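Examining the three-dimensional arrangement
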Amino acid sequence: MDDDGDDNAANSSVFLEKLSYQTLPRMVQELLDLMLVYTGPGVPPERSRTTKAYLVSATTPPTMLELAGRLHGDIRKGFIRAEVIPATNLLQ
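An account of the accompanying structure is given in this report. Since we're looking at a predicted model, the values are computed, not measured.

Overview of the overall build of the protein
- Along the backbone of the protein there are five helices and two strands.
- Listed by position from the N terminus, the elements making up the protein come as α-α-β-β-α-α-α.
- Counting across all 92 residues of the protein, residues that qualify as buried make up 8%.
- A separation of at least 24 residues holds for 17% of the contacts in the protein among residues at least 6 apart in sequence.

So, in structure tokens, the structure goes:
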């Protein structure tokens, strides 16, 4: 193999390393203009520790009521409030 072939292989290796499970989803998210919305349990930790993430349109994001209705149809009627916090606070 010549030097150009070695350079191409090295460049491909670096590219694949950068296309990790962390960067690829972000690239797709930006390409499709999506944003992440996290939902928490809303109950004491001893009852549930489930947090889920959903992708929604960043161009026309749903209201909290619309999002609640999509995730839990029965909530739409009795949905009272939502607390919006930065994702970094969830990670602390």
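Here we look at a nonpolar patch on the surface
- Judged by side-chain polarity, Leu24, Met27, Val28, Leu31 and Leu32 come together as a nonpolar surface patch covering roughly 510 Å² of accessible area.
- With respect to the helices and strands, the residue Leu31 is situated in helix α2 (residues 23-31).
- Under the relative-accessibility criterion, Leu31 is labelled exposed at 72%.

Side note on unusual backbone geometry
- In this structure, Asp33 takes a positive phi of about 55 degrees despite not being glycine.
- Relative to the elements of secondary structure, Asp33 occurs in the loop between α2 and β1 (34-39).
- Residue classification places Asp33 among the partly exposed residues on the basis of a relative accessible area of 36%.

Side note on the environment of Ala58
- Structurally, the position occupied by Ala58 is in the loop between β2 (52-57) and α3 (64-71).
- C-alpha separation for the pair Ala58 and Asp33, spaced 25 residues apart in sequence, amounts to 5.6 Å.
- With sequence-adjacent residues up to four places away left out, Ala58 is seen in contact with Asp33, Leu34 and Met35.

Topic: the environment of Glu66
- Looking at where Glu66 falls in the secondary structure, it is placed in helix α3.
- Owing to a relative accessible area of 39%, Glu66 belongs among the partly exposed residues under this scheme.
- Polar side-chain contacts of Glu66 include one of 2.9 Å to the backbone nitrogen of Thr63.

Rules of the game
- Residues numbered from 1 in each chain as written.
- Predicted model: local features only at pLDDT ≥ 70, side-chain atom pairs only at ≥ 80, totals over all residues.
- Heavy atoms only, no water.
- Helix = DSSP H or I, 4+ residues; strand = E, 2+ residues; numbered from the N terminus.
- Buried < 20%, exposed > 50% of the residue type's maximum accessible area, 1.4 Å probe, protein only.
- Contact = heavy atoms within 4.5 Å.
- Patch = residues over 30% accessible without salt bridge, like charges linked within 9 Å, V, L, I, M, F, W, Y side chains within 5 Å.
- Areas by Shrake-Rupley, 256 points an atom, 1.4 Å probe, with all protein chains shown as cover.
- Salt bridge = Lys/Arg side-chain N within 4 Å of Asp/Glu carboxyl O.
- Polar contact = N/O pair within 3.5 Å; in protein donor to acceptor, adjacent residues only side chain to side chain.

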